[in-house]
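Observations on the model geometry
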Amino acid sequence: MCRVTAPTSRPRQAADACPGVGRPFSAADGSIVRLRPASRPVRVQALAELLELAAGQADPAIQLTSRGALQLRGLPDPLPPGHRDAIRATGLVPSPTHELVRNLVASPLSGLDGRGHADVRPVTDLLDAALCADVELTRLGGRFLFALDDGRGDVICDSFDLGLLTTGAGRCVVLAGGPNRAWELPLAAAVPRMIALAHEFVQRIAGDESTWHVDELTEPLGPEPATEINVPSRPERPLGAVGEHAVVAVPLGLLRPEHIVALARVTDRVRVTPWRSLVIEDAAAALPELEAAGLVTHGGSPWTRLHACTGLPGCARSALDTRSLARRLAPVLPAGRLPVHVSGCERRCGTPSTAYVDVLAPTSLDDALATITLAQPDTTPRRVVPSIRDGRDHSRGEGKRETAWT
Ligand code: SF4
């Protein structure tokens, strides 16, 4: 059984600055906009329409984030009203008032592969609807995360603010901030309980926008008594065929035009995972076609281990074009167990939540290869905890840092 490690609470003064259509983030290469599917299916046509907005860019792509969100960058700054309208027309912003708080991750294969104790898709939909119907909960902030796990342990092993873990037929535990604040209850009662806990959180922070997470409260959230539970061990992340369904990873988390063209040939909707991959129902037979388009379908691909921050030209802090270097690195990536992350500066945006090989601002491909080779003989992780350099918490979630990976 794995234990969720509670993220460290960090002092900060600022409200979160997570981007949305109504609140784009201004970066070196233009506006960044993030769309939150909230673990619901995304129409492939909506992806194509989004990418149209980036069509004039040198390397147009939709970024997939670690919360299963979609992100466009390099858009005009300020964002023209026509762009806002076009993005909203995709249907990916069902509640303009709540777009920043629809941060829901759920077991992506729930209800599809026979695993887990229950299909959490209906619960996720109910929670999303309840959240969007609740005006007070617009005060949650953009970093507050709901995680709904069907019992397999794939999303509950990572950080969350309010969680749900199904434990048997019609049963679950609701969790606040981690495994040490848990309440067992019928699955049918989970959404009202999570909404009540979310209300308690916004009332407790009393407008203090510098408190982003449940574990930052001075007193525990929720009623007594709460119990402590063990959560399941983190399972292998699926890739390739899962029964008749397909799971494909997206290199560097960048969904490119050729990927979307291939997806459109095999499906009309996909589900975005929190691991830069897509679940495509009834598409196992189409895996060769998807692989030919550049999507990753098997664990032998270097792209299952190789990641990079945004780097140049999108991030002015970068010493290099990290993605370009990663693309040159992929064909020659030394075998190894650990993820490899290329960062353009010491902020190390978007590093994996597990141990990884830290390739920091390499001066060349050979320099990067030397770092990887040196780090791997004993597979000792060069674990890096991002430091606070500007008073904001860079340790979790999808924030103001420049990143292709968070
Ligand atoms: S680590 Fe972050 S801040 Fe540094 S270059 Fe990469 S994206 Fe920019």
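Residues numbered from 1 in each chain as written. Predicted model: local features only at pLDDT ≥ 70, side-chain atom pairs only at ≥ 80, totals over all residues. Heavy atoms only, no water.

**What about helix H7 (residues 322-329)?**
The condition that has to hold: Buried means the residue's accessible area, taken with a 1.4 Å probe over protein chains only, is under 20% of the maximum for its type, while exposed means over 50%, and partly exposed covers the values in between. The helix count covers DSSP runs of H or I at least four residues long, the strand count covers runs of E at least two residues long, and both are numbered beginning at the N terminus. Think of the arc as the fan of directions from the helix axis to the C-beta atoms. Here, two residues are considered to be in contact whenever any of their heavy atoms come within 4.5 Å of each other.
Listed in full, the buried residues belonging to H7 are Thr322, Arg323, Leu325, Ala326 and Leu329. Mapping the buried residues of H7 onto a view down its axis gives an arc of 160°, with all of them on the same face. On its buried side, H7 packs onto strand S4 (62-64), strand S13 (254-255), strand S16 (306-308), strand S17 (340-343) and helix H8 (365-375).

**What to know about the packing of aromatic side chains**
Two aromatic rings, taken as a pair, are described by how far apart their centres are and by the angle between their planes. The condition that has to hold: Aromatic rings from Phe, Tyr and Trp, taking only the six-membered ring of Trp, are treated as a pair when their centres fall within 6.5 Å; an angle between ring planes under 30 degrees marks them as stacked, one over 60 as edge-to-face, and anything in between as tilted.
Under the definition given, this model contains 2 aromatic pairs. Both rings, one in Phe144 and one in Phe146, keep their centres 5.5 Å apart while their planes meet at 65°; by these two values the pair is edge-to-face. Just as Phe144 is buried, Phe146 falls in that class too. Relative to Phe201, the ring of Phe144 lies with its centre 4.8 Å away and its plane at 50°, an arrangement referred to as tilted. Taken together, the residues Phe144 in the loop between helix H3 (121-132) and strand S7 (146-149) and Phe201 in helix H4 (residues 190-205) connect sequence positions 57 residues apart. Taking relative accessible area as the criterion, Phe201 reaches 0% and is therefore assigned buried.

**Looking at the pairing of strand S9 (residues 171-176)**
Note the threshold: Strand pairing is assigned whenever DSSP detects at least two bridges linking the two strands.
Most of S9 is tucked away, with 5 of its 6 residues classed as buried. Bridging between strand S8 (residues 162-168) and S9 involves 6 bridges; their strand directions are antiparallel. Bridged to Gly168 within S9 is Arg171. Connecting the antiparallel pair S8 and S9 is a turn made up of 2 residues, with Gly170 showing a positive phi of about 70°. With 5 bridges connecting them, S9 and strand S10 (residues 182-186) associate as antiparallel partners. Note that in S10 the partner of Leu175 across the bridge is Ala182. Between the antiparallel neighbours S9 and S10 lie 5 residues, among them Gly177 with a positive phi of about 80°.

**Some points on the sheet that holds strand S15 (residues 277-280)**
Within the open sheet, the 5 strands sit side by side as S3-S14-S15-S12-S11. Their pairing is antiparallel. Whereas interior strands pair on both sides, the edge strands pair on one side only; in this sheet they are strand S3 (42-43) and strand S11 (240-242). Note that strand S12 (residues 245-249) and S15 share 4 bridges and pair antiparallel. Its bridge partner being in S15, Ala246 is matched across the sheet by Ile280.

**Section: the sheet that holds S9**
Defined as follows: Orientation is described by axes fitted as lines to C-alpha atoms, over the contacting stretch for helices, and by angles from 0 to 180 degrees between their N-to-C directions.
Overall, mixed pairing links the 5 strands, which are arranged S6-S7-S8-S9-S10 in an open sheet. Two strands lie at the open edges of the sheet, namely strand S6 (104-106) and S10, each paired on one side alone. Averaged over all pairs of adjacent strands, the angle between their axes in this sheet comes to 20°, without regard to strand direction. In terms of strand pairing, S7 meets S8 through 4 bridges, oriented parallel. By the bridge assignment, Ala147 is partnered in S8 with Gly163. Across the sheet, H4 is in contact with S7, S8, S9 and S10; its angle to S8 comes to roughly 155°.

**Description of the confidence of the model for the chain**
Put simply, the rule is: For every residue, the predictor states its confidence as a pLDDT score lying anywhere from 0 to 100.
A residue-level look at the chain finds 89% of positions with pLDDT of 70 or above and a mean pLDDT of 89. Here residues 1-9 is a poorly scored stretch, pLDDT under 50, and it has 25 contacts once near neighbours within four places are set aside; other chains count. Per-residue pLDDT stays below 50 along residues 378-406; that stretch engages in 109 contacts with residues further than four places along the chain or on separate chains.

**Remarks on the pattern of salt bridges**
The criterion, for reference: Within this document, salt bridges are pairs made up of a side-chain nitrogen of Lys or Arg and a carboxyl oxygen of Asp or Glu, the two lying within 4 Å of each other.
Inspection of every chain in the model, using the stated rule, returns 19 salt bridges. A salt bridge links Asp59 to Arg256; its shortest N-O distance comes to 3.0 Å. Of this pair, Asp59 sits in the loop between helix H1 (44-52) and S4 while Arg256 sits in the loop between S13 and helix H5 (257-266), placing them 197 residues apart in sequence. Look at Asp59 and you get partly exposed, because its relative accessible area is 31%. Judged by relative accessible area, Arg256 falls into the partly exposed class, the value being 23%. Its salt-bridge partner being Arg327, residue Asp59 comes within 3.2 Å of it at the nearest N-O pair. Here the residue Asp59 occupies a position in the loop between H1 and S4, and Arg327 occupies one in helix H7, the gap between them amounting to 268 residues.

**Some thoughts on the packing of H7 against H8**
The following threshold applies: When an angle is under 35 degrees it counts as roughly parallel; over 145 it counts as roughly antiparallel; between 65 and 115 it counts as roughly perpendicular; any other value is oblique. Handedness of a crossing is defined here by the sense of rotation of the near helix relative to the far one, left-handed for an anticlockwise turn of less than a right angle and right-handed for a clockwise turn. The residue classification treats Ala, Val, Leu, Ile, Met, Phe, Trp, Tyr, Cys and Pro as nonpolar and Asp, Glu, Lys and Arg as charged. All others, Gly included, are polar.
Running from N to C, H7 and H8 cross one another at 70°; their axes reach a closest spacing of 10 Å. Considering the angle they form, H7 stands roughly perpendicular to H8. H8 is crossed by H7, and the crossing has right-handed handedness. Between H7 and H8, the residues in contact are Leu325, Arg328 and Leu329 and Leu365, Ala368, Leu369 and Ile372, respectively. Tallied by class, the residues present in the contact of H7 with H8 amount to 6 nonpolar, no polar and 1 charged.

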